[in-house]
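Per-entry structural report
Take a look at the letters that make up each chain.
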Amino acid sequence: MILLQIPEHRRPCDVVVIGLAGHELELPGVSTTALPVSAAEAAVAYVNAESPDARAGRIATMPLPGQVPSRVLIAGLGDETAADLRRAAVAIGRAIRDLGAVQRVSVAIDAQSFDESRALAEGLVLGSYKFAMPASADDDLQIVDLIGAVDRAGLTAGDEAADAAGWARDLGNTPASELTPARLGELAEAQLTAAGCSVSVRDEAWLADQGFGGVLAVGGGSASGPRLIEVSYRPRRGRAAPPLKHIVLVGKGITFDTGGLNLKRSGAMRMMHTDMCGGAAVLGAIQYAAMQHLPIRVTALVPAAENSVSGTSMRPSDIISQFGGRTTEIGNTDAEGRLVLADAIAYAVARLKPDAVIDIATLTGAMKVALGLETAGYFANDDELAAGLERAALTSDEAVWRMPLEHKYVSALDSPVADARNDPGNPGGITAALFLQPFVKDVPWAHLDIAGPARALSEGPIFSRGATGYGVRLLASYLETTAR
Ligand code: BES
Ligand code: MN
Ligand code: ZN
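I will try to describe carefully the structure that is included in this document. Quick caveat: nothing in here was measured; it's all calculated off a predicted structure.

Reading guide: rules and limits
Residues numbered from 1 in each chain as written. Chains lettered and ligands numbered in written order. Predicted model: local features only at pLDDT ≥ 70, side-chain atom pairs only at ≥ 80, totals over all residues. Heavy atoms only, no water. Helix = DSSP H or I, 4+ residues; strand = E, 2+ residues; numbered from the N terminus. Rg over C-alpha atoms; globule rule 2.2 N^0.38 Å. Contact = heavy atoms within 4.5 Å. Lys, Arg positive; Asp, Glu negative; His and termini not counted. Charge placed at Lys NZ, Arg CZ, Asp CG, Glu CD. Buried < 20%, exposed > 50% of the residue type's maximum accessible area, 1.4 Å probe, protein only. Expected span 1.5 Å × (residues − 1). Near = heavy atom within 4 Å. Polar contact = N/O pair within 3.5 Å; in protein donor to acceptor, adjacent residues only side chain to side chain. Areas by Shrake-Rupley, 256 points an atom, 1.4 Å probe, with all protein chains shown as cover. Nonpolar A, V, L, I, M, F, W, Y, C, P; charged D, E, K, R; others polar. Pairing = 2+ DSSP bridges. Donors = N, O, S within 2.8 Å, 3.2 Å for Na, K, Ca; no water. Tetrahedral: all angles 85-135°; square planar, octahedral: opposite > 155°, others 65-115°. Core = buried A, V, L, I, M, F, W, Y, C linked by side-chain atoms within 4.5 Å. Domains from an automatic or database assignment. Salt bridge = Lys/Arg side-chain N within 4 Å of Asp/Glu carboxyl O. Phe/Tyr/Trp six-rings, centres within 6.5 Å; stacked < 30°, edge-to-face > 60°. Lys NZ or Arg CZ within 6 Å of the ring centre and 35° of its normal.

When helices and strands are tallied, the chain shows 14 helices and 21 strands. Here the C-alpha atoms of the chain give a radius of gyration of 24 Å, agreeing with the 23 Å that 2.2 N^0.38 yields for 484 residues. In terms of principal-axis extent, the alpha carbons of the chain reach across some 80 × 55 × 40 Å. Contacts in the chain between residues at least 24 apart in sequence constitute 77% of all its contacts with a sequence separation of at least 6. Positive and negative side-chain charges in the chain, numbering 42 and 56 respectively, have mean positions lying 3 Å apart.

Let's shift gears to the side chain of Arg-118. Looking at the secondary structure, you find Arg-118 in helix α3 (residues 114–127). Exposure remark for Arg-118: the relative accessible area of 7% places this residue in the buried category. The contact partners of Arg-118, leaving out residues within four places of it in the chain, are Gly-154, Leu-155, Ala-157, Gly-158, Tyr-288, Thr-395 and Glu-480.

Taking 1.5 Å of rise per residue, the 15 residues of helix α9 (residues 277–291) would be expected to cover 21 Å, and the 21 Å separating its terminal C-alpha atoms lies within 8% of that figure. Extensive coverage of α9 is indicated by the burial of 14 of its 15 residues. With its phi angle positive at about 50 degrees, His-293 sits one or two positions after the end of α9.

Turning to the site of ligand 1, a few remarks are in order. The environment of ligand 1 is made up of 17 residues, and the closest members are Lys-264, Asp-275, Asp-334, Glu-336 and Gly-365. Residue Asp-257 places a side-chain N or O atom 2.9 Å away from an oxygen atom belonging to ligand 1. Contact between ligand 1 and Lys-264: an oxygen atom at 2.8 Å from a side-chain N or O atom of the residue. Alone, ligand 1 offers 520 Å² of accessible surface; in the complex the protein occludes 81% of this. Taken together, the residues of the shell around ligand 1 sort by class into four nonpolar, four polar and nine charged.

Attention now goes to the pairing of strand β7 (residues 142–146). With four of its five residues buried, β7 lies for the most part within the structure. The pairing of strand β1 (residues 2–5) with β7 spans four bridges and is parallel. By the bridge assignment for β7, Ile-2 is matched with Gln-142. Two elements, strand β6 (residues 104–108) and β7, share four bridges in a ladder whose sense is parallel. By the bridge assignment for β7, Arg-104 is matched with Ile-143.

At the metal site, the manganese ion (ligand 2) is ligated by Asp-257 (OD), Asp-334 (O), Asp-334 (OD) and Glu-336 (OE), and these contacts range over 2.0 to 2.2 Å. Every donor counted, the six donor atoms about the manganese ion (ligand 2) form angles of 70 to 166 degrees at the centre, which fits irregular coordination. In primary-sequence terms, the residues that donate to the manganese ion (ligand 2) follow D-x76-D-x1-E. Metal-to-metal, the separation of the manganese ion (ligand 2) and the zinc ion (ligand 3) is 3.2 Å; Asp-257 coordinates the two. In this pair, Asp-257 is assigned in strand β11 (residues 253–257) and Glu-336 in the loop between β14 (327–329) and α10 (337–351), connecting sequence segments 79 residues apart. Of the two residues examined, Asp-257 and Glu-336, each falls in the buried class.

Before going further, it helps to examine the nonpolar core. Counting 92 residues, the largest nonpolar core has Leu-192, Val-231, Leu-249, Leu-283, Ile-358, Leu-448 and Leu-479 as its most contacted members. Among the elements that line this core, the one with the most residues is α9, at ten residues. Both domains that meet at this core, namely domain 1 (2–150) and domain 2 (162–482), each give it at least three residues. Residues contacting Leu-448, with those up to four places away along its chain left out, are Ile-358, Asp-359, Ile-360, Ala-361, Ala-376, Gly-377, Tyr-378, Val-400, Leu-474 and Leu-475. Within the second largest apolar cluster, 44 residues are counted, among which are Val-215, Ile-254, Ala-348 and Leu-436.

Distances from the zinc ion (ligand 3) to its protein donors, Lys-252 (NZ), Asp-257 (OD), Asp-275 (OD) and Glu-336 (OE), fall at 2.0 to 2.4 Å. Given six donor atoms and angles of 78 to 172 degrees at the metal, the environment of the zinc ion (ligand 3) is assigned as octahedral. In the primary structure, the donors to the zinc ion (ligand 3) are separated according to the pattern K-x4-D-x17-D-x60-E.

On to the pattern of salt bridges. In the structure shown here, the tally under the stated rule is 22 salt bridges. Across the salt bridge formed by Arg-11 and Asp-145, the nearest N and O atoms sit 3.1 Å from each other. Within this pair, whereas Arg-11 is found in the loop between β1 and β2 (15–21), its partner Asp-145 is found in strand β7, the two being separated by 134 residues in sequence. A salt bridge links Glu-459 to Arg-94; the nearest nitrogen and oxygen atoms lie 3.3 Å apart. Within this pair, whereas Glu-459 is found in the loop between β20 (455–456) and β21 (466–467), its partner Arg-94 is found in helix α2 (residues 82–99), the two being separated by 365 residues in sequence. Each of Arg-86, Glu-122, Glu-398 and Arg-473 takes part in a single network of salt bridges with overlapping partners.

One pass over the full model with this rule turns up seven aromatic pairs. Pairing Trp-206 with Tyr-347 gives two aromatic rings, centres 6.0 Å apart and planes at 85 degrees, and the pair type is edge-to-face. Highlighted residues: Trp-206 in helix α6 (residues 204–210) and Tyr-347 in helix α10, separated in sequence by 141 residues. Seen from their ring centres, Phe-323 and Tyr-347 are 5.7 Å apart, and the 90 degrees between their planes marks the pair as edge-to-face. Separated by 24 residues along the polypeptide, Phe-323 in the loop between β13 (319–321) and β14 and Tyr-347 in helix α10 bring together distant segments of the chain. Comparing Phe-323 with Tyr-347, the two get one shared label, buried. Among the aromatic side chains, those forming a connected cluster through ring pairs are Trp-206, Phe-212, Phe-323 and Tyr-347. Between Arg-169 and the ring centre of Tyr-129, over which it is positioned, the NZ or CZ distance is 5.2 Å. Taking the ring centre of Trp-206 as reference, the NZ or CZ of Arg-202 above it sits at 4.3 Å.

Listed below in structure tokens is the structure:
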């Protein structure tokens with residue numbers, strides 16, 4: 001774990017990181033305390049001789065044996081945009097993490113605006129991420145002194161956003177044996193109550209009483225019963241203050257997706273402990289809103305269930321009644337995500353008076369085929385909401401691509417025995433969105449399908465291997481700009 005700080009007094013450290021823009025080392029922020037003149041001269045000579053790669057994300061290491069610091073990391077800054085600073089900082093964060101025993105590092109990179117400082121802090125914290133089970137103790141704490149010109153509020157925002165994304169990664173990476181729906185509820189309650197939210201975790205009896213037929217059908221085959229996790233955040237403010245917008249975030253919380261009786265094959269099942277990453281994303285986003293005291297009301301809903309195989313599993317041909325009474329014919333028990341989302345979306349619309357609903361889910365393999373592993377497909381029934389997500393994608397560097405709610409495919413949902421079937425066929429990402437659409441009625445709504453970017457097979461420019469935390473920073477940026 002790393003701890004970012006702006007030191008009051010400049011002090012010697014083991015490692016100094018300096019930035020490289022083109023062929024120029026950026027030395028003005030580096031004090032002689034952090035880097036003795038002789039070492040700075042050596043770094044300049046090194047750059048002249050070796051011309052290290054200055055693209056964002058590249059790092060060259062210059063050892064200074066027997067000296068303090070004992071090495072200098074030269075980090076490419078690319079075009080020095082906020083996005084490039086973030087990518088550079090991710091690489092620095094990883095390098096610091098991999099130094100292991102090194103306790104104290106100074107980063108001498110300027111990030112003068114709010115956005116630049118946020119990107120710098122986000123990158124450093126995201127880059128240093130490491131999943132460990134059981135959670136590793138704080139004895140590997142590394143202190144990072146930021147000795148460039150930085151914006152304090154931006155640093156805090158970036159630190160908190162990356163922290164929230166790191167929590168979402170942890171939840172996503174935790175095996176399903178440890179992360180049942182009930183356990184997810186407990187962890188959400190502990191973490192988010194501390195952040196100032198109120199949390200309620202509803203059990204099966206409550207779900208049955210309220211008519212959550214989708215959540216109960218999906219969770220019914222598991223020994224670990226389903227839950228509905230509801231988190232709400234409201235900023236503290238005066239009575240006379242104008243009313244706040246209320247955004248409801250709904251995240252798919254399938255703690256493991258075996259496919260149910262329509263069992264997945266081995267390869268397709270292998271990573272299905274990450275099928276709750278949409279849920280983790282909304283929990284992370286609301287944590288950020290609360291930590292930043294954003295002037296906006298947010299509710300996060302996570303319908304959590306394990307899609308498992310047993311004598312009490314739902315069957316193909318079952319007909320279920322979703323929250324609010326719409327019926328669904330189960331054509332395929334592996335199309336379970338939309339069943340739990342439909343209940344939660346209908347509940348949000350009926351009970352929570354949202355100004356907008358955004359759901360996020362590892363919903364379809366089809367979206368991975370369409371857009372690959374780094375981009376989320378999204379659907380929206382409202383152009384202003386879509387524009388807000390596009391803006392948030394640029395700020396957060398989490399890519400999105402708008403997909404059409406193409407009406408001509410609605411007939412694929414027709415069922416002779418219910419209002420819709422859950423296996424409408426291809427185009428799979430689109431028909432899944434069309435399945436959800438009736439549940440939002442005319443409330444402004446966006447649906448993000450993150451089956452691709454929620455997990456990664458290897459480290460990317462920002463993503464970690466395993467659960468990536470995708471969506472936390474995207475939704476956090478969306479909430480931030482919508483609030484202001
Ligand atoms: N969780 C899966 C979607 C998924 C696939 C996420 C690959 C991440 C990687 C979802 O529940 C699912 O099984 N979807 C089916 C739907 C089909 C049966 C209509 C799919 O996409 O194949
Ligand atoms: Mn499935
Ligand atoms: Zn699933």
